[in-house]
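Spelled out, the chains give:
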Amino acid sequence: MMKISNKTKIFGILGNPLSHTLSPLIHNYLFQEYGLDGIYLVFETQNPDSTLVSLQNLNVQGLSVTIPYKEWAYSVAHKNDETSEWMKAANTLTFQENKILANNTDGYGAVESIKNSGNKILHSNVVVLGSGGSARGIAYSLAKEMKQKKIYISARNKIKSLELVSLLNSTSPGISEYIPVQQIGEVKDDVSLVINTTPLGMKNYDQDILLSEDFFSNNHTLFDIVYNPCHTPLVKLAMKRKAKIILGYEMLVYQAMKQFEIFTSIQVEKKIIEKVKTQVFKILK
């Protein structure tokens, strides 16, 4: 049991639903590992504005922000980091001197997951499924890493998809293109990496998939950022077709490490990151 006093710094995660979240496990483990007087709690809400006011009154130090409030988090901040500013979405809020500061660590977590997967795919053409806050942060970080390659954005919401394509092309002209979900099979031989940023497949969520049964081959890598369950319907389909897999818990861990650094100014050591990844995987498998 963690001891809480009036000096304990409070952090947490804001979103809805949150029954699936493993963020408290990760951050509370890190607080204990580094001997910090801090606690990380769950704040599930349907009204983020009123909840934010209440949490600030309780002197909460920082928040992770998840579905469906990442664009909202950007909008309430007084100052955004570069990624949040470009992508109009944030997943981390901190509070300093009556100011709300926003960061986006999704892209960092995604890129680190890809780099540590052992697959040489970071500079290949990629399909990003989805156009929400996660898609924005991930696609922006990919655009900064990739050279002379294409990021296809494919989602059911055409308006948001075209907005994301426009943002990406403003950072790197010609890097992004919208492709309707119904036509995504047309580029399957042109891409090596598929990233699912939608909540499809999440526990207690729609189990639909956006790709056809014959989309994947052993030339593809699927990165599904849904982590609970690890083996979503999309992951199972890709495995059946012999595609390589990057599981969503990898991104969960890496983006949380960057959030912890923002919260505490502590850069987590590699050996501790590996311990966290092992613990998380044991819970999810």
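Our subject is the structure that appears above.
Within any chain, residue numbers begin from 1 and follow the written order of that chain's sequence. Totals for whole chains, interfaces and linings use every residue, but because this is a predicted model, local features are given only for residues with pLDDT of at least 70 and side-chain atom pairs only at 80 or more, for both listing and counting. As a rule here, side-chain values come from all non-hydrogen atoms in the structure, and water together with hydrogens is ignored.

**Q** Teacher, can you tell me more about the overall build of the protein here?
**A** Numbering of helices and strands runs from the N terminus; a helix is a DSSP stretch of H or I covering at least four residues, while a strand is a stretch of E covering at least two. When you go through the protein residue by residue, the secondary structure sums to 10 helices and 12 strands. Relative to the compact-globule value of 19 Å for 285 residues, the protein shows a C-alpha radius of gyration of 18 Å, a close match. Taking the principal axes of its C-alpha atoms as reference, the protein extends roughly 60 × 40 × 35 Å. A fraction of 71% describes how many contacts in the protein between residues 6 or more apart in sequence connect residues 24 or more apart. By the counting scheme adopted, Arg and Lys are positive, Glu and Asp are negative, and His together with the chain ends is not counted. Every charge is mapped onto a representative atom, which is NZ of Lys, CZ of Arg, CG of Asp or CD of Glu. The protein carries 31 positive and 26 negative side-chain charges, and their two centres are separated by 5 Å. Note that the radius of gyration is over C-alpha atoms, with the globule rule given as 2.2 Å times the number of residues to the power 0.38. Contacts are assigned to residue pairs that have any heavy atoms within 4.5 Å of one another.

**Q** Help me understand the sheet that holds strand 9 (residues 176–178) in this model?
**A** Pairing between sheet strands relies on hydrogen bonds along the backbone, with the strands arranged either parallel or antiparallel. Overall, parallel pairing links the 6 strands, which are arranged 9-8-7-10-11-12 in an open sheet. Each having just a single partner strand, strand 9 and strand 12 (244–246) make up the two edges of the open sheet. Strand-to-strand, the axes of this sheet are offset by a mean angle of 20°, without reference to chain direction. Inspection of the sheet shows strand 7 (residues 126–129) paired to strand 10 (residues 193–196) by 4 bridges, in the parallel sense. Think of it this way: DSSP has to see at least two bridges between two strands before they count as a pair. Only the stretch in contact is used when fitting a helix axis, every axis being a line fitted to C-alpha atoms; angles between N-to-C directions are given from 0 to 180 degrees.

**Q** Explain the pairing of strand 5 (residues 92–96) here, please?
**A** Looking along a regular strand, one sees side chains alternate from face to face of the sheet. Note on exposure labels: buried denotes an accessible area under 20% of the residue type's maximum, exposed denotes more than 50%, and partly exposed covers the range between, all computed with a 1.4 Å probe on protein chains only. Counting buried residues along strand 5, 4 of its 5 residues qualify, which places the element largely inside the surrounding structure. Of the pairings in the sheet, the one linking strand 3 (residues 62–65) to strand 5 comprises 3 bridges and is antiparallel in character. The residue of strand 5 that forms the bridge with Leu63 is Leu93. Strand direction decides the pairing type here: strand 5 and strand 6 (residues 99–103), joined by 5 bridges, are antiparallel. Among the inter-strand pairings, Thr94 is bridged to a residue of strand 6, identified as Leu101. The antiparallel hairpin formed by strand 5 and strand 6 contains 2 residues in its connecting segment, where Glu97 sits at a positive phi of about 50°.

**Q** Explain the packing of helix 5 (residues 106–115) against helix 9 (residues 248–264) to me, please; I cannot follow it from the model alone.
**A** The angle between the axes and the distance between the axes are what describe a pair of packed helices. At a closest axis distance of 7 Å, the pairing of helix 5 and helix 9 adopts a crossing angle of 130°. Relative to helix 9, helix 5 is oriented oblique. Helix-helix and strand crossings are classified by hand; for helix 5 and helix 9 the assignment is right-handed. Contacts between helix 5 and helix 9 involve Asp106, Tyr108, Gly109, Ala110, Glu112 and Ser113 on the former and, on the latter, Glu250, Met251, Tyr254, Gln255 and Lys258. Working rule for angles: under 35 degrees goes down as roughly parallel, over 145 as roughly antiparallel, 65 to 115 as roughly perpendicular, anything else as oblique. Each crossing is labelled by how the near helix is turned from the far one, with a counterclockwise turn of less than a right angle marking it left-handed and a clockwise turn marking it right-handed.

**Q** Quick question: what am I supposed to make of the sheet that holds strand 5 here?
**A** Pairing within the open sheet is mixed, and its 6 strands lie in the order 2-1-3-5-6-4. Because the sheet does not close on itself, it has two edges, and the strands there are strand 2 (38–44) and strand 4 (79–80). When strand 1 (residues 9–15) meets strand 3, the two strands line up parallel, connected through 4 bridges. The residue bridging Ile13 from the neighbouring strand is Ser64, located in strand 3.

**Q** It is not clear to me how the pattern of salt bridges should be interpreted in this structure. Could you clarify?
**A** Where side chains of opposite charge bring their charged atoms close, a pairing between them can arise. Salt bridge, as applied in this entry: a Lys or Arg side-chain nitrogen positioned within 4 Å of an Asp or Glu carboxyl oxygen. For the coordinates displayed, the defined rule picks out 12 salt bridges. Between Arg136 and Glu163 there is a salt bridge, and its shortest N-O distance comes to 3.4 Å. Of this pair, Arg136 sits in helix 6 (residues 133–145) while Glu163 sits in helix 7 (residues 158–171), and the two are 27 residues apart along the sequence. Between Lys188 and Asp214 there is a salt bridge, with its nearest N and O atoms 3.9 Å apart. One end of the pair, Lys188, is in the loop between strand 9 and strand 10; the other, Asp214, is in the loop between strand 10 and strand 11 (221–224), and 26 residues separate them in sequence. Bridged by salt links that share partners, the residues Glu250, Glu274 and Lys277 form one connected network.

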